[in-house]
Structures are given as structure tokens and as C-alpha cells.
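Spelled out from the first residue to the last, the chains are:
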Amino acid sequence: MSLVHNFPFFSILLCMVSGIFTSVLKPRTAKWLTLAVAGASLVLNAFTLGLTLGLKDAYPFMMGHFPAPWGNEIRIGQLEALMATGLSAVVFIALAAGLYHTPTFVAEKKQNLYCIMIDLALAATLVMIYTNDLFTAYVFIEIMTIASCALVVVRQNGHTLVAATRYMVMNLLASGLVLLGISMLYGITGHLLMEPLHQAVLRIHESGRYAGPLTVVIALITAGLGIKSAMFPFHAWAPDTYAYAPPMSSAILSGVVSKAYLFLLIKFFWRVVGIDIVIQQQISQFLFFAGIAGMVLASVMAISQREIRRMVALSSVAQISYVYIGIGMGTEAGLAAALFQMLAHSAAKSLLFLSTWELVSVSGDHKRFRYLHGAGYRNVPAGIVFTVSAMSMVGIPFTGGFIAKIQLAAAGMPLGGWTTALVLIALALSTLLNAVYFLHTVVSIYRRRPENIEYALPEKQPRRIAAALFLSMMLTLYLGVGSGPIMRVIEAGLKMFT
Amino acid sequence: MSKRRSDWESRLQARFARWMREGFSGLDDEIMVSLRQETSETLPSEQMADDHREMADTRRYERGIALDRLAQYDLNAWVSRKGRRLLSRLYTVLAMSLGVLMIFFLLKTVAMMPRFGSPDTPMINEVTDRYIERGLQETGAVNIVAGMILDYRAFDTLGESTVLFIAACAVLILLRIDWDEKAGPALELIAEEWDDRHYEPKNDRILQASAMILTPIVLLFGIYVILNGHLSPGGGFSGGSIISAGLILYLNAFGFKKAGQFFTYRTFMWVSFSALMFYGLAKTYSFYCGANGLQSGIPLGIPGAILSSGLIMPLNIAVGMVVACTMYIFYALFRKGGL
């Protein structure tokens, strides 16, 4: 075993230990450390990705002295490494572009507490991606739950407190459902490690003994992770939470946290239960229809918003629905499209939240569209970046969103009959609706500014914000132009995933 | 302006175009636009007739507005009198029936689950067998539970202690008031008003006397439970909560001023920092050795001795410190104010 094999383990422990270390640092040092940790995690996971590209199969990594069913274990394959690299990159970019603004939202003495939350959210993301043990996943769901609520509540005004309260209630309910599901699953199988769990589930499915509890378990865990990742009928917390949290928190919550839950759900379906059983239990059909409804209805809701940040938040719900359609198809192509959509949305949405904030802050902190006229001229980099990421959301060619939609449509083709028709119609409709509200926003930020409103001169901002935004824009464009290698990694990763 | 133009203004396309231009405008604005349209469409030769029509229009408009207001007022009154109550009642009924349905289904599921403790449950398998049969040799801990949570599955426990730490930090973010600062965010200026430690009972002789006797005993017992975690039931989590109960008793009897002499924000941060840091670094080393097949060189000792079972005892102490600090922090902060 070479040193690189240890890198996922190093990145997880590095995030946790530096999160703890941050608690005694000065705010300024804490911020730089957090940025460095996210960068280090990106580098370590990129090396891991490079290593796994040359491997035939995923390799398990013992977290302790004892082999798997007795001790903890993580499992590293191409898909896991790709997701970990992508999400670390998103956290790094969000920090690079957003840390400068934290004093606006976070009281001076609480800034290192805020950095702790970011570090531990990243650690939880990595563990949820890599873990091979369902209970370890639950422990880090808990960390993620607390960290994500704290990321919202760190900005203490009325709207945010109400939004955070709702978010916390929904999040805790979801944690409870997941925990119930996991403990029932342990009760009927006696295992927590994913491979023996899968064998035990297959035995239950064949013999029919405890088949009832198995259905309940799948439903509970799906509902729990669905609530946490803002799946359509359970999305009620999302618009307020994303809109009133500090922009960097929104970027991390929507770009990274929801993706970690989604990846865990995918792991649960494909590695623990087995997708055939999920399809047989009608759960995947439910996800499919929820996705179809979500991508149309959430877009309609986004159109009727008057504030730019709520609109971006609702579009997040619509975009998550694409992932659920891909999962709900139950095919490998659908899953590959869903995974690509997760990466593309993660890159573009974090960018949208950050650049929206830049635009709002040069418009006198007004979030209504009519005050945003001309914001694209007042902050040129943010305007360009907003335009590009909005194009990715709509699905204009040469952006990540376009490839994701094409893949999803292609995955819908072989299903045949009305399912194909439904996928294609819903995709077309949703693209149209996305175009309506995103292009409306893009047009409105490039309109001449109203004469009767005076804006304060924008203060000089460090170059690194613009640099980070452009870097992230490159990521979105790369996902659109160079999607071939990434799709190949996803497909090869799926082979070693199950 | 031509007729087509006035028609055009109210059509869907035009409204869409206007929306693209300036976003939503209020209903009143649109009405004003249409009124202006109607008035500007006049020709000089029909001035008189137009004046009449304009007046009639205005009157009709005002009557319409008045009727509208009346209807709206009625609706508002109805909503605030009955509608809202009806809606919330419907909501309650729906929520309760959903809850009852969930309870029913979950109870039914529990009835279908394997019976707890019966010999043929799937939970009794090679995993638990090894814990019970070889736990003592492999971890050196007489208390199998301590061996399980701090050696076999130590990574989960690292996560759990981090949960406690992060929960304490989240409560600090939400409730901590820096009241010794001269200036700062608005929150701190109104700290005086929020701070309710003035209302505590002071110098309650009975409470103080019993706390004087009880606190040392409780603390000692907590320390005993932690130190014997690998030998007898107990460990870091239970011992830590016992210690924090002792601290809270002291706080109640003597108030924040005296407790603040030995437990401040800095104490919390440094104690939990050093405990978790030790846990994290020790386990990083031990995991690294374990995963790469190296000898960690940590002796297991003789089972049953106080200094035995490798890292379990130090880890129990670390967990106990984190738990004690966190519980104390929760209690102190929920009284609003600092530490």
C-alpha cells in the first residue's frame, strides 16, 4: 500500500483536526487555515483520483486495527474520488471568493466558530462520500446537520432566524427518519457494512421473511435523505434557507451539502439495497415523478419571485429534481447523468449564489430586480460570471448544464413509451422556464440603471475574489467542453461502484 | 396613439415585454397606465364630449375602487375571523392524522421485526461473536462496550465526540453575548437587557450548604467512572455527564461570578480543544498504523489493571472532558449571557 492510498483518510482527518484546531486561533488565521485545508483536501483527493484511474477495482481502507465487519472502513473508487475532488474544489472556490465578505455577516468573535462549521461540513462531506459503513454515515449526517444549521444561523437577523428554525426542524426530522431506518435495517440484517448488508437484503428479498420492515426501511431512509437534499415535495425549507443565509453558506449548502446527501442516497440504493429491489418497491417511480413535478413546479415558483436570491434558491430545487429523475430511471445511464448533473449544478450554483451577492452589494443591498439594473456594469466580473452560470443552469451549449441535460435526455430514450415522452417534455418545459427567469435576470442586470436611484460607489475589492470567480467559471465551462473524460470516469466508476 | 397601440398595451405579449423590462409592477401602476391611455386618445374637436366621458370614467373608476376595497375588507375580516382559524384547524387535523398514520405503520413494522433477545435474531452473527469472544484479548478492555466504541469502532466515536463539540460551538454562535466589549455589533449593545443572570437567586444557604458537600463527591464519582471506563460499566460519556452535573450544581448554588473564576469561555475552548486534538492525533497515528499493517507499539497491559487496554483509558478521559464541557456550556448559555 503506497502513501497515496492513505490520502482520503488524510483528507478526512485533516479537515476534522483543523476544524478543532480552528477553535483556538485568531479569526484572521482561522480563515486562512480553513482556505488552506480546503485546498489541501482538493489536492489530496485529486491525487487519489489519479491513483484510482489506474486501478482495476475500488480498494477498501481500514479505519483502525480491525478488518471490516468489526472495525470501520472506507472504500475508495473512481466515482468516490471524483465526487470528493469536485466537491472539495467547490468548497475551496466558495471560500476563496466568499471569505472576504464574512465580516459583513458574522460578528468578529464568532468568525472562527464559523470556520469550524465549514471545516467539519467538508469533513462530513468527504466521509459520506467515502464511507462503506452505514452507521459511520449516520454519525457524519449528525455533524453535517449541526454544521449546516449553524452556517445559516450565523447571520442573526429575523428572517435568517426564522429560516434557520424551519431548516433545523426539517433537518432533525429527517435525521430521525434516517436513524430509524438504519436501526431497523440493523435489526433485520445484523450488519452495518455495505457488502454484507447487501447480501443480507438479498436473502430477505428471496425468503420473504422481514420483507415488510425492509420496505419501511427503504421508505424511511429515502424520505430522510430526500428532505435533507431538498427533494421536490419536501423542499419547503429550501427557498428561505438559501435566500437568507450568508452567501458563502448558501453556496456551500446548495453546492456541497445537498450533494453529499444525494451521493449517500445513491450509495444506499445501489450498494446496500440493490436498484432492482428499489424499482420493485416502487420507490424509484416515486422519485421519478417527484423529479418531473419538481423541475416544472419549482421553476414556475422561481418565475414568480421578486427577489433575486429567492429565485436562485428555488432554481436549486428545480435542478436537484433533475438528479432525482436520473436516479428514478433506475438505469446506469440515468445514474451517470444524475452524477454529472450533481457536479455541474454544484459548480454553477455555488457560483450563482456568490456572484448574486456581489451584484446585490453593488446595488445598495437591494434584492429586487428593479434595483439591480446596471449591476453588471458596476461589478463587471460578477456580471460575467453570473451570466455564464445562468447559462449553465438554462443549458446553453458549452456549459456543464447542457451536457447534463443531453445525458439525461439520452438516458431517457431507451426507456420507451410514455416515460421517454414524459422525460423529454419535462426537460423541454423546464429548460424553457429556466430560460425565462434566468435570462430575464441577465437582461435586467445589463439594463441601463434607473435615473432616480443613487448607488453608493462600490468599495474596492481584492482581486482574488474576481480571480476565484473566474476560476470557478472555468470549472463550469470545462464541464461543458471537456465532459468526455469526466463521463468516462463516471462510467468506469459505476462499474466498480456496485 | 392608434387603437392597436392601446390594445397592444394590455395584451399578454406586451405585459411579458414590460415584465422583462422592469420586473413586476403593482396593480395600481397598470391601472394608472390604462387610465392615461384612455385620456390621451382624444381629439381636439371632441373635447367637450371627452371631458364628459373622462368624468364618467373617473367616477366609474372611483366606484370600482370603492367596491373593490369593500370586498377586500370583507374578505380580510373573514380571513382574520374564521378563515385563518379554519385553515390552521385543517392543518392541525391533517398533521395529526399523518402522525397517527406514521405511528400505526411504525408500530406494525416493529411487530414484524425479530424479537429482541431471541436466539435466532439476525443481530447475533459473526460480528457480535467476535466482539464478545475475542474482545478482551484484542482490546485489553474488560468492559466490552468500551472496547467496541473506543477500539473496534473508534472512528465513529471520534465522530460522536465531534458532534458534541460542534453542537457546543453552534450554541455559542447562537447564544453567546460578548458583554465585556465596549462597542461592537448591535447584539452586544443590548446584551445588558438580554442578560438574565441578574435574576438568579443569590445566597440560598440550604442550596449552598448541600452543594458544598455534594459537588466534590459528584466530581470524584465522575472521575471514577471515567477512569474505570475500561474495567466496569461507564466511560467517558457517562462520567463526563456526571462531572458536568456537579459543575451545574455548583453554578446554581454560587452563581456565575464564582463559577467564572474557574470556568470561562477560554477554559471551554482550551479543554475541549486539547481533548479532541489528543483524540484526533492519537487515532490518526493508530489508524495509520492499523491500515498500513504497522505495529503501533502501544502496549495492551494486563486486563483488569487500571493502566491497561492501550489507548482506551486516555481516550475515555478525552471524551469525558469534552462531554463535561459541552453539557456545562449548554446549561450556562441557555440562561442567556456569557459563561
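Conventions used here
Residues numbered from 1 in each chain as written. Chains lettered and ligands numbered in written order. Predicted model: local features only at pLDDT ≥ 70, side-chain atom pairs only at ≥ 80, totals over all residues. Helix = DSSP H or I, 4+ residues; strand = E, 2+ residues; numbered from the N terminus. Buried ≥ 20, exposed ≤ 12 C-beta atoms within 10 Å, placed from the backbone. Contact = placed C-beta atoms within 7 Å. Rg over C-alpha atoms; globule rule 2.2 N^0.38 Å. Pairing = 2+ DSSP bridges. Nonpolar A, V, L, I, M, F, W, Y, C, P; charged D, E, K, R; others polar. Expected span 1.5 Å × (residues − 1). Arc of directions from axis to C-beta. Core = buried A, V, L, I, M, F, W, Y, C linked by C-beta atoms within 7 Å. Axes fitted to C-alpha atoms, helices over the stretch in contact; angles between N-to-C directions. Parallel < 35°, antiparallel > 145°, perpendicular 65-115°, else oblique. Left-handed = near helix turned anticlockwise from the far one by under 90°. pLDDT = per-residue confidence, 0-100.

### Quick word on the overall build of chain B
A tally of regular secondary structure across chain B gives 13 helices and 0 strands. Start at the N end of chain B and walk to the C end: the helices and strands fall as α-α-α-α-α-α-α-α-α-α-α-α-α. Buried positions account for 26% of the 339 residues belonging to chain B. Contacts spanning at least 24 positions in sequence make up 72% of the contacts within chain B whose residues lie at least 6 apart.

### What to know about the overall build of chain A
Summing up its helical and strand segments, chain A has 21 helices and 2 strands in all. A compact globule built from 498 residues should have a C-alpha radius of gyration of about 23 Å, and chain A, at 22 Å, falls within 12% of that. Along the longest, intermediate and shortest principal axes, the C-alpha atoms of chain A span 75 × 60 × 45 Å. For chain A, buried positions account for 64% of its 498 residues. The contacts of chain A with a sequence gap of at least 6 include a subset with a gap of at least 24, amounting to 80%.

### Remarks on the pairing of strand β2 (residues 72-76) of chain A
Residues and elements named next belong to chain A. Taken across its 5 residues, β2 has 5 buried, putting it largely inside the fold. Of the pairings in the sheet, the one linking strand β1 (residues 59-63) to β2 comprises 5 bridges and is antiparallel in character. Paired with Met62 across the two strands is Glu73, which belongs to β2.

### Some remarks on the interface of chain B and chain A
The interface of chain B with chain A comprises 48 residues on the first partner and 57 residues on the second. At the level of elements, α2 (12-22), α4 (47-112), α5 (126-139), α7 (154-175) and α12 (265-291) of chain B are the ones that each hand at least two residues to the side of chain B that touches chain A. Per-element tally for the side of chain B that touches chain A: the top contributor is α7(B), with 15 residues. Considering only residue class, the side of chain B that touches chain A consists of 32 nonpolar, 9 polar and 7 charged.

### Focus: the environment of Arg449(A)
Residue and element names in this part refer to chain A. By secondary structure assignment, the location of Arg449 is in the loop between α19 (417-445) and α20 (463-481). The class for Arg449 is partly exposed, based on 17 C-beta atoms found within 10 Å. Separated by 119 residues in sequence, Arg449 and Gly330 have C-alpha atoms that sit 49 Å apart. Filtering out sequence-adjacent residues up to four positions away, Arg449 remains in contact with His373 and Gly374.

### With respect to unusual backbone geometry
All names here are of chain A. The residue Gln282 is not glycine, and still its phi comes out positive at about 70°. Structurally, Gln282 is set in the loop between α12 (275-280) and α13 (283-303). Notably, Phe398 is not glycine yet its phi reads approximately 70°, a positive angle. Within the secondary structure layout, Phe398 lies in the loop between α17 (380-394) and α18 (400-412).

### With respect to the environment of Val296(A)
All names here are of chain A. Of note, Val296 is situated in helix α13. Expressed as a C-alpha distance, the spacing of Val296 and Ser321, which sit 25 residues apart in the sequence, is 9.1 Å. Sequence-distant contacts of Val296, defined by excluding residues within four places in its chain, comprise Ala426, Leu429, Ser430 and Leu433.

### Here we look at α20(A)
All names here are of chain A. Between its first and last C-alpha, α20 extends 26 Å over 19 residues, near the 27 Å set by a 1.5 Å rise per residue. Of all the residues in α20, the buried ones are Ile465, Ala468, Leu469, Ser472, Met473, Leu475, Thr476, Leu479 and Gly480. End-on view of α20: buried residues confined to an arc of 145°, all on one side of the axis.

### A look at the nonpolar core
By size, the foremost hydrophobic cluster in this structure holds 255 residues, and its most contacted members are Ala121(A), Ala124(A), Ala147(A) and Ile252(A). The residues touching Ala121(A), leaving out its near neighbours within four places in the chain, are Met144(A), Ala147(A), Ser148(A), Leu151(A), Ile252(A) and Val257(A).

### Re the packing of α7(B) against helix α13 (residues 312-333) of chain B
Residues and elements named next belong to chain B. In contact at an axis separation of 9 Å, α7 and α13 are set at 25° when each is read in the N-to-C sense. If you check the angle between α7 and α13, you find them roughly parallel. As for how α7 packs across α13, the hand of that crossing is left-handed. Packed against α7, whose contacting residues are Ser161, Leu164, Phe165, Ala167, Ala168, Val171, Leu172 and Leu175, the element α13 presents Val319, Val322, Val323, Thr326, Ile329, Phe330 and Leu333 at the interface. Here the contact of α7 with α13 is composed, by residue class, of 13 nonpolar, 2 polar and no charged.

### Notes on the environment of Trp357(A)
Residues and elements named next belong to chain A. The residue Trp357 is located in helix α15 (residues 332-361) in this model. Assessed through the 25 C-beta atoms surrounding it within 10 Å, Trp357 is described here as buried. Put simply, Trp357 and Cys15 are 342 residues apart on the chain and 27 Å apart in space, counted from C-alpha to C-alpha. In this structure, Trp357 is in contact with His101 and Pro247, ignoring residues within four places of it in sequence.

### Let's talk about the packing of helix α2 (residues 27-53) of chain A against helix α5 (residues 111-130) of chain A
Residues and elements named next belong to chain A. Between α2 and α5, the shortest axis-to-axis distance is 8 Å and the interhelical angle comes to 15°. Taken as axis vectors, α2 and α5 run roughly parallel relative to one another. In this structure, α2 crosses over α5, and the sense of that crossing is left-handed. Contacts between α2 and α5 involve Pro27, Ala30, Lys31, Thr34, Val37, Ala38 and Ser41 from the first element and Gln111, Asn112, Cys115, Ile118, Asp119, Leu122 and Leu126 from the second. Here the residues of the contact of α2 with α5 are counted per class, giving 8 nonpolar, 4 polar and 2 charged.

### Focus on α2(A)
Residues and elements named next belong to chain A. Under the 1.5 Å per step criterion, the end-to-end length of α2 is 39 Å for 27 residues, consistent within 8% with the ideal 39 Å. Of the positions making up α2, those classed as buried are Ala30, Lys31, Thr34, Val37, Ala38, Ser41, Leu42, Leu44, Asn45, Thr48, Leu49 and Thr52. As for α2, its buried residues are in contact with α1 (7-22), β2, α3 (78-98) and α5.

### Thoughts on the confidence of the model for chain B
All names here are of chain B. Put simply, chain B has an average pLDDT of 80, and 79% of its residues get 70 or more. At the low end of the mean pLDDT range in chain B sits helix α8 (residues 186-189), at 51; at the high end sits helix α10 (residues 205-227), at 93. Confidence drops under a pLDDT of 50 for residues 180-185, and excluding neighbours within four residues, the segment shows 3 contacts in the predicted structure. Interface confidence for the predicted complex, given as ipTM, is 0.90, next to a pTM of 0.87.

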